[in-house]
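Listed here are the chains, written in short residue letters.
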Amino acid sequence: MATNASPPLQLATAFRPLASASGGGGGGLLAGGGVATGRGFRGRTTQRWVAARRVASDRDVQGPVSPEEGLPIVLNSIDSSAIASNIKHHAEFKPLFSPEHFSPLKAYHATAKSVLDALLINWNATYDYYNKMNVKQAYYLSMEFLQGRALTNAIGNLELTGEYAEALKQLGHNLEDVTSQEPDAALGNGGLGRLASCFLDSLATLNYPAWGYGLRYKYGLFKQLITKDGQEEIAENWLEMGYPWEIVRNDVSYAVKFYGKVVEGTDGRKHWIGGENIKAVAHDVPIPGYKTRTTNNLRLWSTTVPAQDFDLGAFNAGDHTKAYEAHLNAEKICHVLYPGDESPEGKVLRLKQQYTLCSASLQDIIARFESRAGNSLNWEDFPSKVAVQMNDTHPTLCIPELMRILIDFKGLSWDEAWSITERTVAYTNHTVLPEALEKWSLDIMQKLLPRHVEIIEQIDEELMNSIVSKYGTADTALLKKKLKEMRILDNVDLPASIAQLFVKPKEKKESPTKSKKKLLVKSLETIDEVEEKTELEEEEAEVLSETEEEKVESEEIEAAEKEDSEGELDPFVKSDPKLPRVVRMANLCVVGGHSVNGVAEIHSEIVKQDVFNSFYEMWPTKFQNKTNGVTPRRWMRFCNPELSSIISKWIGSDDWVLNTDKLAELKRFASNEDLHSEWRAAKWANKMKVVSLIRDKTGYIVSPDAMFDVQVKRIHEYKRQLLNILGIVYRYKKMKEMSAEQRVNCFVPRVCIFGGKAFATYIQAKRIVKFITDVAATVNHDSDIGDLLKVIFVPDYNVSVAEALIPASELSQHISTAGMEASGTSNMKFAMNGCILIGTLDGANVEIREEVGEENFFLFGAEAHEIVGLRKERAEGKFVPDPRFEEVKAFVRSGVFGTYNYDELMGSLEGNEGYGRADYFLVGKDFPSYIECQEKVDEAYRDQKLWTKMSILNTASSSKFSSDRTIHEYAKDIWDIKPVILP
């Protein structure tokens, strides 16, 4: 399956010597041969060679080796002068920019290449050792990996932050300025991708053998601009200056097919032929662990076609578009994350993306399995060597793709392939929103992936047989209900074997001859004379002889029985031509995997009791909970060094970075005034950084003396940024009704900070962004209000912005409608950094509140079990809105925030039914509770001693929310993998 576009990579890697003691030259990873002597990168006179091999290959590479028999040296004692020389070497001899000026951007690229030198040694050794030991390896497939900047994280995990800072200082640069040159890798959007990246960090740190697989999006989701019209989108440019952290593996590529048809060969196997073929090319990004040599891999796929697919004839004839058509069709697959799917073309492109991820990754995984197995290849061993985790439903096609490869290429039977697939694949559910449980058009999939549809149809039929076996046929109403809920194919005709169970029998008919006889006998019973009866019988006998009568009657009975056996088909068995035929991807995930997990305790219960209840009844042991977590390295140690130093000082070590249980030791100092003083000073320093960030990105000047109140997440109605901004509008209105003195006495100064992207086609979410920015424009220029209230929308929210905002935040809002947020991860990051949460009992909020204590969490709003009843009450016209809610809507409509017409936005909160109406997300219901809770926030913040204690206790109680804990649970309960320590 693999296309080796080049011969096996032959590398002898060495740290180059310095050209002279005064500078020039430096350390760099060499491709090719050569001899290196003199003072190496580690600052001592020696010859250092490391045998390297292509990470995707299992073939040995020849070359000089180190004194440690080819194993890499641990890079934790390198001096800053050697690093400076190495950086200078990359700047001078691997120039990406003009050599005349050593700019911060050039310094960043040279520094990144220097760090990559260090990473590659451990990276190659990790892969070699996994290969040698033939360990079971986990593969995490995700459409998103929101990595953030790599430089700070890499040197932090290598424990070289100080050395690199000093080296750059020697070269006339500041580490912070250099790291700020790095654009965020535009490989994700929100919590799904951020979680995946946290998992990769924990997997490497905990020494688990695992790789990530994703797509290399050229233009990301989009770069968000905030203008007077609200949000505007332009393409991301993160790759324009090159991405120094990736290694392009042109020799590792796989063919991916679309369209075509399925035929049966003379060998009895199915063959998918014709169609459109593209090539997926690997790009590898090393993922270093913290305080360990383990360096795992994130493999990203780009898409192209071979050069021969360029139509040179068409080009020379002047038809340039046609000449490049094949390349464009291939390359656009990896242009944009989540391309708009309202058009048929958009739907096809999204499905192509998902299949490319699944097909290329599985081909790569299988090639590695076969290579490691060597002559002892046994496909029954596959699940004991490979674990595939599907992060949400995007990689669902892994299931039919693995079946296709095993059956069509490896010659396994259906039952053998199904057993292997089911034991290999597992599914993480991330949503309870119906629209987010993907459903693909069967017609589109049939055209694009015809062989996969055949496999899905068979899986669906076998599922239905299992349902019939479990529930029987006596209660057809129950059976219909289960089939309707559980089928993979929705609104698709039932197969004949199942359809015949839903035949309505017709009333049994008698043959005409028998009916005639019965009538005759009945009439005879009214005649007293037997003689008359006999005469009639004789007359009947004359009409039909005895043999003829039996023959006719037999034929009539047979015809009647045939008609009865056909009966009437229940309409349930047929599809409705007015409705689309779809493939329910989440159902396929549940059926095809051995494990289904939610990502917070409340979410996992909703998954079991509501979203997949029928599946839970059938396979209860498949379902489990794995509460999300975040890496304490990036989200505490590196993004909040001030607070981290304080924690390490008071605990007595920095062991908490690897063992967050040790954070609990802070609890005994929660009332200590010296700790309070240091804690507040760290918060102040972080707030000052955000003051600068806000000024740079928005032009607004805010006061660090105000409370920093933050809500940063994807813009969505269920996340209820609208509730937040309406609360701010209410606060502003009340301020305007007071005298200056009353305002100061009644309100704590606040800077209300928003950040997040609305999908380009999500009109209501974009209206919310526009509303927030309009409120900001009015409030921030109101001289009567001054620093008592500022509203900020930080444009183009990403990981780097989060790394600045989260350490500076004091109140964080996680206010989704109860039961609608699967987990959330930003809530965990805020709590870890001593921020106090205001929120509903939703997602991981429930567990955070349990851990930090209800007195250290501001709770409001309806609970999950109440939501259905509240919506029903609304539909029945029984809901009575709070006067304060009506007041704030009227204030918005008064035009105080500009000329934009907010009727559509406010109208969504009104009425009792209808699309886009009736306040589906219960903003009006929770509004009174929300503003009353915000009054409690003000009260608590005025008591800075109390607030600081609450902040310390949030950090001290956040150990559960480390992704290290989550990964240990996945490894033990789902993947069955063990840590592998490099020798």
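Residues numbered from 1 in each chain as written. Predicted model: local features only at pLDDT ≥ 70, side-chain atom pairs only at ≥ 80, totals over all residues. Heavy atoms only, no water.

1. Comments concerning the overall build of the chain
Move 1: Scanning the chain from terminus to terminus reveals 38 helices and 27 strands.
Move 2: Buried positions account for 57% of the 983 residues belonging to the chain.
Move 3: Partitioning the contacts of the chain with sequence separation of at least 6, the portion at a separation of at least 24 is 77%.
Move 4: Summed over all atoms, the accessible surface of the chain reaches about 40100 Å², with 51% contributed by carbon and sulfur. (Helix = DSSP H or I, 4+ residues; strand = E, 2+ residues; numbered from the N terminus. Buried < 20%, exposed > 50% of the residue type's maximum accessible area, 1.4 Å probe, protein only. Contact = heavy atoms within 4.5 Å. Areas by Shrake-Rupley, 256 points an atom, 1.4 Å probe, with all protein chains shown as cover.)

2. Focus: the packing of helix α12 (residues 398–409) against helix α15 (residues 450–471)
Move 1: α15 packs onto α12 with a crossing angle of 100° between their chain directions and a minimal axis gap of 9 Å. On the basis of the axis angle, α12 is roughly perpendicular to α15. Side by side, α12 and α15 meet where Ile399, Pro400, Glu401, Met403, Arg404, Ile407 and Asp408 of the first sit next to Arg451, His452, Ile455, Ile456 and Ile459 of the second.
Move 2: Its residues assigned to classes, the contact of α12 with α15 comprises 7 nonpolar, 1 polar and 4 charged. (Axes fitted to C-alpha atoms, helices over the stretch in contact; angles between N-to-C directions. Parallel < 35°, antiparallel > 145°, perpendicular 65-115°, else oblique. Nonpolar A, V, L, I, M, F, W, Y, C, P; charged D, E, K, R; others polar.)

3. Points about the packing of aromatic side chains
Move 1: In this structure the tally under the stated criterion is 34 aromatic pairs.
Move 2: Between Tyr254 and Trp301, the aromatic rings sit 5.8 Å apart at their centres with planes inclined by 80°, giving edge-to-face as the arrangement. Linking Tyr254 in strand β8 (residues 247–258) with Trp301 in strand β12 (residues 295–304), this pair joins segments that are 47 residues apart in sequence. For the pair formed by Tyr254 and Trp301, the shared burial category is buried. (Phe/Tyr/Trp six-rings, centres within 6.5 Å; stacked < 30°, edge-to-face > 60°.)

4. Details of a negative patch on the surface
Move 1: Side chains of Asp415, Glu416, Glu461 and Glu462 sit close together on the surface and give a patch of like negative charge.
Move 2: Breaking the negative patch down by element, the ones donating at least two residues are α13 (414–424) and α15.
Move 3: With respect to the helices, strands and loops of the structure, Asp415 is situated in helix α13.
Move 4: A relative accessible area of 58% places Asp415 in the exposed class. (Patch = residues over 30% accessible without salt bridge, like charges linked within 9 Å, V, L, I, M, F, W, Y side chains within 5 Å. Salt bridge = Lys/Arg side-chain N within 4 Å of Asp/Glu carboxyl O. Lys, Arg positive; Asp, Glu negative; His and termini not counted. Charge placed at Lys NZ, Arg CZ, Asp CG, Glu CD.)

5. A word on the sheet that holds strand β26 (residues 836–839)
Move 1: Within the open sheet, the 6 strands sit side by side as β24-β23-β22-β25-β26-β27. Their pairing is parallel. On the outer flanks of this sheet lie β24 (789–794) and β27 (858–859), each paired with one strand and no other.
Move 2: Sheet topology note: the strand β22 (residues 707–712)/strand β23 (residues 750–755) ladder contains 6 bridges and is parallel. Across the sheet, Val712 pairs through a bridge with Gly755, a residue of β23. (Pairing = 2+ DSSP bridges.)

6. A closer look at the side chain of Asp392
Move 1: Following the sequence through the fold, Asp392 ends up in the loop between β13 (386–391) and α12.
Move 2: There is no salt bridge for the buried Asp392, and the closest opposite charge comes from Arg714, which lies 8.2 Å off by N-O distance.
Move 3: Contacts of Asp392, omitting those with residues within four sequence positions, involve Leu192, Tyr427, Thr428 and His430.

7. Some remarks on the UniProt feature "modified residue: N6-(pyridoxal phosphate)lysine" (unreviewed entry) in the chain
Move 1: The UniProt record marks Lys829 with the feature "modified residue: N6-(pyridoxal phosphate)lysine" (unreviewed entry), using the residue numbering of this structure.
Move 2: Looking at the element boundaries, Lys829 is found in helix α31 (residues 826–832).
Move 3: Sequence-distant contacts of Lys829, that is, excluding residues within four places in its chain, are made with Arg194, Val630, Trp635 and Ile806. (UniProt positions renumbered as here; feature names shortened; annotations may be inferred.)

8. So, the confidence of the model for the chain
Move 1: With 86% of its residues at a pLDDT of 70 or more, the chain has an overall mean of 88.
Move 2: Contacts of residues 1–76 to residues separated by more than four positions or lying in other chains number 187 contacts, the stretch itself having pLDDT below 50. (pLDDT = per-residue confidence, 0-100.)

9. Notes on the sheet that holds strand β16 (residues 489–490)
Move 1: Read from one edge to the other, the open sheet built from 3 strands follows the order β15-β19-β16, with strand pairing classed as antiparallel. Single-partner strands in this sheet number two, and they are β15 (439–441) and β16.
Move 2: As defined by bridge partners, β15 adjoins strand β19 (residues 582–584) across 3 bridges and the pair is classed as antiparallel. Bridging from a neighbouring strand, Trp440 pairs with Val583 of β19.
Move 3: Set on the sheet, helix α21 (residues 585–592) makes contact with β15 and β19; between it and β19 the angle comes to about 45°.

10. Examining the environment of Asp705
Move 1: If you trace the backbone, Asp705 turns up in the loop between α26 (673–698) and β22.
Move 2: Dropping the residues within four chain positions of it, Asp705 is found in contact with Trp684, Lys687 and Tyr941.

11. Looking at helix α16 (residues 476–486)
An α-helix turns once per 3.6 residues; consequently, residues spaced three or four apart project the same way.
Move 1: Turning to α16, its buried residues are Leu479, Lys482, Leu483 and Met486. Along the long axis of α16, the arc covered by the buried residues comes to 100°, so they all point the same way.
Move 2: Looking at the buried residues of α16, the elements they touch are α15, α17 (496–499), β19, α21 and α23 (613–618).
Move 3: N-cap assignment for α16: the residue whose side-chain oxygen lies 3.3 Å from the backbone N of Ala477 is Asp475. (Arc of directions from axis to C-beta. Polar contact = N/O pair within 3.5 Å; in protein donor to acceptor, adjacent residues only side chain to side chain.)

12. Points about unusual backbone geometry
Move 1: The residue Asn207 is not glycine, and still its phi comes out positive at about 65°.
Move 2: Residue position: Asn207 is located in the loop between α6 (191–205) and β5 (210–215).
Move 3: One non-glycine residue, Tyr338, lies in positive phi territory at about 50°.
Move 4: If you trace the backbone, Tyr338 turns up in the loop between α9 (325–331) and α10 (344–373).

13. Notes on the packing of helix α25 (residues 641–651) against α26
Move 1: The N-to-C vectors of α25 and α26 enclose an angle of 165°; their axes lie 9 Å apart at closest approach. In terms of their interaxial angle, α25 and α26 are classed as roughly antiparallel. With respect to the hand of their crossing, α25 and α26 are arranged in right-handed fashion. Between α25 and α26, the residues in contact are Glu642, Leu643, Ile646, Ile647, Lys649 and Trp650 and Asp674, Leu675, Glu678, Trp679, Ala682, Asn686 and Lys689, respectively.
Move 2: Considering only residue class, the contact of α25 with α26 consists of 7 nonpolar, 1 polar and 5 charged. (Left-handed = near helix turned anticlockwise from the far one by under 90°.)

14. Looking at α15
Move 1: Over its 22 residues, α15 extends 32 Å from the first C-alpha to the last, a length consistent with the 32 Å expected when each residue adds 1.5 Å.
Move 2: One or two steps after α15, the chain reaches Gly472, where phi turns positive at roughly 70°. (Expected span 1.5 Å × (residues − 1).)

15. Some points on the pattern of salt bridges
Move 1: If you walk through the whole model with that rule in mind, you get 61 salt bridges.
Move 2: Residues participating in the shared-partner salt-bridge network are Arg249, Asp284, Arg299, Asp364 and Arg368.

16. What to know about the pairing of strand β4 (residues 137–141)
Each regular strand carries side chains that alternate between the two faces of the sheet.
Move 1: β4 sits mainly inside the fold: 5 of its 5 residues count as buried.
Move 2: Sheet topology note: the β4/β13 ladder contains 5 bridges and is parallel. The residue bridging Leu141 from the neighbouring strand is Met390, located in β13.
Move 3: Inspection of the sheet shows β4 paired to β5 by 4 bridges, in the parallel sense. Among the inter-strand pairings, Tyr139 is bridged to a residue of β5, identified as Trp211.

17. A closer look at the pairing of β8
Move 1: Most of β8 sits out of view: 9 of its 12 residues are buried.
Move 2: Pairing of β8 with strand β11 (residues 276–288), which is carried by 9 bridges, proceeds in the antiparallel orientation. Paired with Val256 across the two strands is Ile278, which belongs to β11.

18. As for the environment of Asp284
Move 1: Positionally, Asp284 belongs in strand β11.
Move 2: Taking the C-alpha atoms as reference, Asp284 lies 8.8 Å from Trp301; in sequence the two are 17 residues apart.
Move 3: One polar contact links Asp284 to Arg249, side chain to side chain, over a distance of 3.2 Å.

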